[in-house]
Amino acid sequence: MDYKTISNKTSISRKSIIFIILGVSSISLFLRIYITPFEIPLSLDALEYYAFGYEIAISQNYPLGILETNDGWSIFLSPFFTIFHNTDFMTLNFVQRILSIIISTFTIIPIYYLCKEFVNKKFAVIGSILFVLDPRIINNSILGVTESIYIFLNVIILFSVFRKDPKFIFLTFLLIGFSSVVRYEGLLMLIPVSVIYFMRFQKSKKHIINFSIAIIILLLVLSPIAYLRTDANGMDGFTSHIFTGVGDYFSSSIIKNDEIESQTSSTGFLIQFSINSIVNSIKYLIWISIPMFVCFLPLGIYKIIRHRNKEIYYLIFLSIFMIIPALYAFGRDFQDPRYLLILIPTFSVISVYGLSQFDKFSQKTVLAVFVSIIILFAGLFLWYLQDDKYDLINERYQISKIVANTATGVNNYEDAYLLKAAELEQKWPTPLEKADSGELKGQIITDVKRIVYSDAINLIEYIKNSRDSGLSHLVVFENDKQEFLNDVFLNSEKYPYLQLEFDSKNNGFSNNILIYKIDYEIFNDIIE
């Protein structure tokens, strides 16, 4: 039975919907803020987005380097950074995280309307709750990266695709433009959206004109950004990455395999790529389905098989294009479930599509049971995901701040990437310099060099290989993964050329961390 023909007995008032969504949104917002480690700075990708947005804010110009593409999130952040530019580094980090959290929470509204295209209102409410309380969506939203705004835009794209008014194609293409600026793979949505548009509305003259206008709207969004990127970095960040980037990767990988491992053919490489893609995709699809979707998705899949629904097939078709970037990344053996978070809205729809089979129960019973289950599962799984890692990272950030103030070069210790944030905070409001050449050209770099261990088999060899690179200090952890540094921690008396400058035991840390300065005079006497 079509959900739209269900009797008024199972309907739910608009006031009740607003009350539930506001209540769950408040819980969701509280959870996000509660678990966010505001004392720890942004890192990795989030820090690059910060740096790009901050340069726009202080220079009022499009920056050279840092990001070659995917700068939409940074552009969105820049006016907020302009408002708060007289504060400090950590305040701007707070702004970036809070905006990501708010957008992620606010996505509950378009998710509700998307679900309502497939199920009645009470199940649409459940679908929106499934999304906004998903533990991985919550965890990702506190990182300050692109997923929150990218998923938000794509949910509205999905919703607009299923509207019966063909003029919604204008909004759809406008949002595809915005999402492609945030992440260039958003352009892939042009294919399924175009196919579905003509399948739903046929190829009449009027609809072709609408489609042509939509293309113009898309180009009006992309053209200025493509021009700025090309002017700054010599590439548009759209086609340059979708076509050239992928082609270059396969070509270079096959050539590398043929030159270094003659027995490994291009066919062998493609087979391994495919295996990696499939295995990693299955692994992470299962992972992001836990704890809630692993229970609810089978019901939806069962109903899809039993009842043919053209709209659901369209949704699956759209989702296939959404995960193409994930298949490519997993084929390269990038181990990160973030690539699949874009599927959570689809999982929410399919889950409630299956749950709608239980519509014979009263609305209060259904809502009470499922909302309680979702909140319980989300809370328990969030508790499971949250461990002492933030305490450890915070302490390693404090270590990085000490290193940034004292060292010229340091070993590539665990979480040494925090050095970039430590130097940004130390030098704020002055941005870090960008590399002029080499593999890191255009990227922000630190004054303190992080020096890799390479093939050094002992500490003396490592120091000899690294002294010309500026190695001045060593950061050593208890149970250090680097064997010769673990020996330093256990038997420091064997290394008279190491001067202890910091001991975490004397500073109230929970983890044992030491910082040594290398005395090269004593070191030279020993090795001569």
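What counts, and at which threshold
Residues numbered from 1 in each chain as written. Predicted model: local features only at pLDDT ≥ 70, side-chain atom pairs only at ≥ 80, totals over all residues. Heavy atoms only, no water. 1 Å grid on protein atoms, 1.4 Å probe; cavity = no way out; pocket = protein on both sides within 12 Å on 5 of 7 lines; lining within 4 Å. Points joined across faces, edges and corners; volume = space filled by probe spheres on them. Helix = DSSP H or I, 4+ residues; strand = E, 2+ residues; numbered from the N terminus. Nonpolar A, V, L, I, M, F, W, Y, C, P; charged D, E, K, R; others polar. Buried < 20%, exposed > 50% of the residue type's maximum accessible area, 1.4 Å probe, protein only.

Here we take up empty space enclosed by the protein. In total, this model carries 4 cavities of 30 Å³ or more according to the counting rule given. Considered as a void within the structure, the largest cavity measures approximately 100 Å³ in volume. Lining the largest cavity are 13 residues, and of these Tyr150, Glu185, Met322, Pro325 and Ile342 lie nearest its centre. If you list the elements that add at least two residues to the lining of the largest cavity, you get helix H8 (147-161), helix H15 (310-322) and helix H16 (324-331). Per-class residue counts for the lining of the largest cavity are 9 nonpolar, 2 polar and 2 charged. The volume enclosed by the second largest cavity comes to roughly 80 Å³. Along the wall of the second largest cavity there are 13 residues; nearest its centre are Ser160, Val161, Ile169, Tyr197 and Phe201. Sorting the residues of the lining of the second largest cavity by element identifies H8, helix H9 (168-182) and helix H10 (190-201) as the ones contributing at least two each. Per-element accounting of the lining of the second largest cavity gives the leading share, 5 residues, to H10. Its residues placed into classes, the lining of the second largest cavity shows 8 nonpolar, 2 polar and 3 charged.

Another aspect to go through is the environment of Lys481. With respect to the secondary-structure elements, Lys481 resides in the loop between strand E3 (473-477) and helix H22 (483-490). A relative accessible area of 71% means that Lys481 is categorised as exposed. In this structure, the C-alpha to C-alpha distance between Lys481 and Tyr413, residues 68 residues apart in sequence, is 9.1 Å.

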